[in-house]
Amino acid sequence: MLKIGVLGAGHLGKIHLRLLQQSEKYELVGFYDEDAVYAEKIASEFGYKRFDTIAKLIHAVDVIDIVTPTLSHYKCAKVAIKSGKHVFIEKPIATTIEEAEEIIALANEYNVKGQVGHVERFNPAFIAVKNQIENPMFIETHRLAEFNPRGTDVPVVLDLMIHDIDAILSVVKSKVKAVHASGVSVLSQSPDIANARIEFENGCVANITSSRISMKNMRKSRFFQKDAYISVDYLDKICEVVKMKEAPEVPGDFDMILQNAEGEKKQIYFNNPEVAPNNAILDELETFADAILNNTTPIVTLEDGTEALRVAYMIIDSMNKK
């Protein structure tokens, strides 16, 4: 079992601590949080070992799980990597592209592995259909959340939209050509609702909407490709695949047949892939352990996290120009 320590015991940090204690692939050594009074409360309430310095925690483990505010990701990762420790970094990977690129360079220099916490890659509904998403040409996503002050220190693009940016980049095998975006600040100092249109060199277009001031929660994506439409509901963890094939010469009584203006007939058939229940956060942490132990590439690499951040900043720059 790999020895792991957690930096940051806030809302998400507490979830990581609980899951790592249950994990069969990690030995949870302890945690560090800069708020000493709060850290002592967490330690006494849950029984986790509290370290009073980052250095002591890093020295005691093989892997560092960074679940601190984004502003400190780079500083924490730098110290851990230079100590020869593998790093799991919650999304977004860092505050700036320059920081993210230096994290990659350091990981290569010190020969350690890193993974970024883009958890929707491990959502069971996305996993169930990902191998059927082939060369999508139009993608539409909606990620709407009820207002929560936590996370409003950054634009909604870095808080919510970056989840969909990463998922889209993982299935569109082409470079981003252009970005057009607009956003509105309603309650926060930074945009609370944003819409972005991402154009790829291969002709694919992604239309992404994110809001943190909605009346209800929604996390849905739809992928359109030749002869298929695929929908993913990340929140309810359900997915649907609608495919078309050449219509049979003699359709059955219950076959759904469509005919276009040119007289071509297609048969529509529905497929609801089985969604295997999982704990996505535990899965992302444990697949990272597998990558370390087997010396394989993590599912969400530091480069993936950096590319998602790069596109997020292209969107923010486009909004600022407006």
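Since the model is a prediction, treat every value here as computed from it, not as a measurement. (Residues numbered from 1 in each chain as written. Predicted model: local features only at pLDDT ≥ 70, side-chain atom pairs only at ≥ 80, totals over all residues. Heavy atoms only, no water.)

Engineer: Sorry if this is basic, but what is going on with unusual backbone geometry here?
Structural biologist: Glycine aside, the phi torsion of most residues is negative, and most peptide linkages are trans. A cis amide bond links Lys 91 with the next residue in sequence, Pro 92, at an omega value of -10°. Relative to the assigned elements, Pro 92 resides in the loop between β4 (86–90) and α5 (97–109). One non-glycine residue, Asn 111, lies in the positive phi region at around 55°. Along the chain, Asn 111 falls in the loop between α5 and β5 (114–117). We classify Asn 111 as exposed; its relative accessible area is 68%. Unlike most non-glycine residues, Asn 135 shows phi in positive territory, near 50°. (Helix = DSSP H or I, 4+ residues; strand = E, 2+ residues; numbered from the N terminus. Buried < 20%, exposed > 50% of the residue type's maximum accessible area, 1.4 Å probe, protein only.)

Engineer: Sorry, what's going on with the UniProt feature "domain: GFO/IDH/MocA-like oxidoreductase" (unreviewed entry) in the chain here?
Structural biologist: This chain's UniProt record puts "domain: GFO/IDH/MocA-like oxidoreductase" (unreviewed entry) on residues 156–216. Taken end to end, residues 156–216 is 26% helix and 39% strand, and its two terminal C-alpha atoms sit 16 Å from one another. (UniProt positions renumbered as here; feature names shortened; annotations may be inferred.)

Engineer: Explain helix α4 (residues 73–82) to me, please; I cannot follow it from the model alone.
Structural biologist: One full turn of an α-helix is made of 3.6 residues, so residues set three or four places apart face in the same direction. What α4 keeps buried is the set His 73, Tyr 74, Cys 76, Ala 77, Ala 80 and Ile 81. Looking straight down α4, one finds its buried side chains confined to an arc of 165°; they lie on one side. Buried residues along α4 sit against β1 (2–7), α3 (54–59), β3 (63–66), β4 and α5. (Arc of directions from axis to C-beta. Contact = heavy atoms within 4.5 Å.)

Engineer: So what exactly am I meant to see when it comes to the pairing of strand β10 (residues 218–225) here?
Structural biologist: On any regular strand, side chains alternate: one points to one face of the sheet, the next to the other face. With seven bridges connecting them, strand β6 (residues 138–144) and β10 associate as antiparallel partners. In the strand pairing of β10, Glu 140 is matched with Arg 222. Counting the residues in the hairpin turn of β10 and strand β11 (residues 228–233) gives two residues, including Asp 227, whose phi is positive at 70°. (Pairing = 2+ DSSP bridges.)

Engineer: Is there a simple way to think about the pairing of strand β9 (residues 205–211) in this case?
Structural biologist: Counting buried positions along β9 yields six of seven residues, so the element is predominantly enclosed. Of the pairings in the sheet, the one linking β6 to β9 comprises seven bridges and is parallel in character. Looking at β9, one finds that Thr 141 is bridged to Ile 208. In this structure, strand β8 (residues 193–200) lies alongside β9, joined through seven bridges in antiparallel fashion.

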